[in-house]
Amino acid sequence: ELKAVGFDVDEEVLLGSGYRIDAFVKISDERKVAVEVDGPSHFIDRRPTGSTILKHRQVVPLDRIEVVSVPYWEWDELMSSETKQHYLREKLSNGQGM
């Protein structure tokens, strides 16, 4: 869906920090974002696990990019491609992390 929105996207990227991210989105020369599609194993009662929080916190200073999390329950509620694209545009334009 990120490509359909028109973003420059690379999927399953290994960062310099050693972390692997689901998608690397280059929004501009100055703004790069790691998009993490976080499934059920990344949460306990809809709160991020310690390892998920640590990864997101470390990627920001080590790789100098923002991290935007897409929780599985939010994504699963979106029924059409259009609503998914709108969701991603909003998430990335607001710079919403976790």
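Quantities reported herein were computed from a predicted structural model and do not represent experimental measurements.

Rules of the game
Each chain has its residues counted from 1, following the order in which its sequence is written. Thresholds applied to this predicted model are a pLDDT of at least 70 for local features of residues and 80 or more for the giving and counting of side-chain atom pairs; totals over whole chains, interfaces and linings are not thresholded and use all residues. Just so you know, side-chain values use all the structure's heavy atoms and leave hydrogens and water out. The rule is simple: take the accessible area with a 1.4 Å probe, protein chains only, and divide by the maximum for that residue type; under 20% is buried, over 50% is exposed, in between is partly exposed. Helix and strand labels come from DSSP, where a helix needs a run of H or I of at least four residues and a strand needs a run of E of at least two; each type is numbered from the N terminus. In this analysis, strands are considered paired if DSSP registers two or more bridges between them. Between Lys or Arg on one side and Asp or Glu on the other, a salt bridge is scored when a side-chain nitrogen of the former is within 4 Å of a carboxyl oxygen of the latter. UniProt positions are given in the numbering used here, feature names are shortened, and annotations may be inferred rather than shown by experiment.

Another aspect to go through is the pairing of strand S3 (residues 32-38). Among the 7 residues in S3, 5 count as buried, and that is most of the element. For strand S2 (residues 20-26) and S3, the ladder comprises 4 bridges, and the chain directions are antiparallel. Across the sheet, the residue bridging to Phe 24 is Ala 34, located in S3. Counting the residues between successive antiparallel strands, the hairpin from S2 to S3 contains 5 residues. Direction of pairing for S3 relative to strand S6 (residues 66-71): parallel, over a ladder of 6 bridges.

All right, on to the pattern of salt bridges then. Across all of its chains, the model carries 4 salt bridges by this definition. Among the ionic pairs, Glu 74 bridges to Lys 91, the shortest N-O distance being 3.9 Å. Of this pair, Glu 74 sits in helix H3 (residues 72-77) while Lys 91 sits in helix H4 (residues 81-94), and the two are 17 residues apart along the sequence. On the accessibility criterion, Glu 74 (27% relative accessible area) is partly exposed. A relative accessible area of 8% places Lys 91 in the buried class.

Moving on: the UniProt feature "domain: RAP" (unreviewed entry) in the protein. Here the UniProt feature "domain: RAP" (unreviewed entry) sits at residues 33-90. Each end of residues 33-90 is marked by a C-alpha atom, and these two atoms are 13 Å apart; helix forms 52% of the span and strand 28%.

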